Amino acid sequence: MPYDMVNKRVIIRGVEPEIESGRYPIKRVIGEKVVVEADVFTDGHEAVSAELLWRGPGEGGWNEQPMEFLVNDRWRAEFIVEQLGTYEYTIVAWLDHFKFWSRSLVKRIDAGQDVSVDLAIGADLVDRAAGSDAPAGLAAYEQVLRAGGPQAVEAALSDELAALMYRHTDRSQATTYDRVLGVTVDPVRARFSAWYEFFPRSCWEPGCTHGTFRDCEKRLPRIAEMGFDVVYLPPIHPIGTTKRKGKNNSVVSEPGDVGSPWAIGSELGGHKAVNPDLGTLEDFRHFVEVAAKYDIDVALDIAFQCSPDHPYVREHPEWFRM
């Protein structure tokens, strides 16, 4: 079914939700509905039909959801976002000649008029829709309509024929909304959550000189009891030694000062490495696994600053201004 991107006789306006003419995506969390409404209309009294087109992250083709008529020219459809990432949606609408014909047929029948000519017109519409990829059922309906009589009237108004015609009517002159709108899908806890921040290196045990991920695990039950569902950690990467800060934000460090975790990078690595004073990467992964047992997510600070000792400073000096 081709979707022409040029506006034809059908007009699509007042699309909601839409932020700043589609400049910014709307936001949802996993499992939420995206309810889309629009004004869809044409000149004259002809009938229109509309579909919501949507696709999830990585999907090339569109999923199609028929839109329901609400009132006046307002239409609505919805879809559910089920994975993280960016979804897209837009609307396509077209003149639905079969729907218009069907409505007119009902009026003539209710008025007690002869509908033999109308049935012949309906048969022509079905014939045009019955292309090479159309089911054989359409051809059978065409024959019934051309035969006329009570059986033809019953067939003309059947839900099955309406569904077949909806899927196989020519949409080459359809109007597609001139914007593809976005949906940013976040985890459910992006909507509401309680965050607990602590520094893994902080000492909780007598005689401890530097906390580790294993030490952090001991605090998780208490954090869960207090009602927190997200644990937030500052950067966990190696810390630079050049111009390292001292206690209480002092610009001069003393021997043994651990420095600021936001001064990322040393000879031990950068953003791809874990500070060995905290443990290993496997220790961190174990910490995340233990947190999950208490229904706690782990959030890491996204920090892009680098100390002069960061490997990237040496490998990519063009990235930095000293």
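Right, let's walk through the structure included here. Small disclaimer: the values here were computed from a predicted structure and weren't measured. (Residues numbered from 1 in each chain as written. Predicted model: local features only at pLDDT ≥ 70, side-chain atom pairs only at ≥ 80, totals over all residues. Heavy atoms only, no water.)

1. Side note on the packing of helix 1 (residues 97-110) against helix 2 (residues 116-129)
Thought 1: Orientation of helix 1 relative to helix 2, taken along the N-to-C sense of each, is 165 degrees, at an axis distance of 11 Å. Between helix 1 and helix 2, the angle is such that the two are roughly antiparallel. The chirality of how helix 1 crosses helix 2 is left-handed. Residue-level contacts link H97, F98, W101, L105 and R108 of helix 1 to D118, L119, I121, G122, L125 and V126 of helix 2.
Thought 2: In terms of residue class, the contact of helix 1 with helix 2 is made up of seven nonpolar, two polar and two charged. (Axes fitted to C-alpha atoms, helices over the stretch in contact; angles between N-to-C directions. Helix = DSSP H or I, 4+ residues; strand = E, 2+ residues; numbered from the N terminus. Parallel < 35°, antiparallel > 145°, perpendicular 65-115°, else oblique. Left-handed = near helix turned anticlockwise from the far one by under 90°. Contact = heavy atoms within 4.5 Å. Nonpolar A, V, L, I, M, F, W, Y, C, P; charged D, E, K, R; others polar.)

2. Points about the pattern of salt bridges
Any two side chains of opposite charge can pair if their charged atoms end up close together.
Thought 1: A full pass over the atoms with the stated rule returns 24 salt bridges.
Thought 2: A salt bridge links R167 to E51; its shortest N-O distance comes to 2.7 Å. You can see R167 sitting in helix 5 (residues 159-168) and its partner E51 sitting in strand 4 (residues 48-55), a full 116 residues away along the chain.
Thought 3: Owing to a relative accessible area of 28%, R167 belongs among the partly exposed residues under this scheme. (Salt bridge = Lys/Arg side-chain N within 4 Å of Asp/Glu carboxyl O. Buried < 20%, exposed > 50% of the residue type's maximum accessible area, 1.4 Å probe, protein only.)

3. Some points on the sheet that holds strand 3 (residues 33-41)
Thought 1: Reading across the sheet, the four strands line up as 1-3-7-6 and stay open at both edges, with antiparallel pairing between neighbours. Pairing within the sheet leaves two strands with one partner each, and these edge strands are strand 1 (11-16) and strand 6 (68-71). Adjacent strand axes in the sheet meet at a mean angle of 35 degrees when their direction is disregarded. (Pairing = 2+ DSSP bridges.)

4. Considering unusual backbone geometry
When glycine is set aside, most residues are seen to have a negative phi, and most peptide bonds are trans.
Thought 1: Following E16, the chain continues to P17 via a peptide bond in cis, the omega torsion being 0 degrees.
Thought 2: One can find P17 in the loop between strand 1 and strand 2 (26-29).
Thought 3: Residue S21 is not a glycine yet carries a positive backbone phi of 55 degrees.
Thought 4: Mapped onto the elements, S21 comes out in the loop between strand 1 and strand 2.
Thought 5: Given a relative accessible area of 48%, S21 falls into the partly exposed group.
Thought 6: Notably, N72 is not glycine yet its phi reads approximately 55 degrees, a positive angle.

5. Comments concerning the side chain of S158
Thought 1: Relative to the helices and strands, S158 is located in the loop between helix 4 (150-156) and helix 5.
Thought 2: Separated by 3.4 Å, the side chains of S158 and Y141 make a polar contact.
Thought 3: Looking at S158, its side chain comes within polar contact range of the main-chain nitrogen of L161, at 3.2 Å. (Polar contact = N/O pair within 3.5 Å; in protein donor to acceptor, adjacent residues only side chain to side chain.)

6. Looking at the pairing of strand 6
Thought 1: Here three bridges tie strand 6 to strand 7 (residues 74-80), and the two strands are oriented antiparallel to one another. The partner of F69 across the bridge, within strand 7, is W75.
Thought 2: The hairpin turn running from strand 6 into strand 7, its antiparallel successor, is two residues long, and N72 in that turn takes a positive phi close to 55 degrees.

7. Details of helix 2
Thought 1: In this model helix 2 runs 20 Å from its N-terminal to its C-terminal C-alpha over 14 residues, within 8% of the 20 Å that 1.5 Å per residue would give.
Thought 2: Of the residues making up helix 2, those classed as buried are D118, L119, G122, A123, L125, V126 and A129. In a view along the axis of helix 2, the buried residues occupy a sector of 160 degrees, so they form one face of it. What points out from helix 2, more than 90 degrees from its buried face, is the exposed set V117 and R128.
Thought 3: Contacts from the buried residues of helix 2 go to helix 1, helix 3 (136-147), helix 4 and helix 5. (Expected span 1.5 Å × (residues − 1). Arc of directions from axis to C-beta.)

8. Re the pairing of strand 4
Thought 1: Burial runs high along strand 4: eight of the eight residues are buried.
Thought 2: Burial along strand 4 is two-sided: the residues V48, A50, L52 and W54 and S49, E51, L53 and R55 are all buried.
Thought 3: As paired strands, strand 4 and strand 8 (residues 85-95) are joined by eight bridges and run antiparallel to one another. Within strand 8, the position partnered with R55 by the bridge is E88.
Thought 4: Strand direction decides the pairing type here: strand 4 and strand 5 (residues 63-66), joined by four bridges, are antiparallel. Looking at the pairing, E51 lines up with P66 of strand 5.

9. Some remarks on the packing of aromatic side chains
Thought 1: Counted by the stated rule, this structure contains 14 aromatic pairs.
Thought 2: Ring centres 4.9 Å apart and planes at 5 degrees place the aromatic pair W54 and F79 in the stacked group. Residue W54 is found in strand 4, and its partner F79 is found in strand 7; the two are separated by 25 residues along the sequence. For the pair W54 and F79, one class covers both residues: buried.
Thought 3: Through pairs of rings, three or more aromatic residues link up here, namely W54, F79, Y87 and Y89.
Thought 4: One residue, R55, lies across the ring of W62, its end atom 3.9 Å from the ring centre.
Thought 5: Geometry around W94 places R171 over its ring, the cationic atom sitting 3.9 Å from the centre. (Phe/Tyr/Trp six-rings, centres within 6.5 Å; stacked < 30°, edge-to-face > 60°. Lys NZ or Arg CZ within 6 Å of the ring centre and 35° of its normal.)

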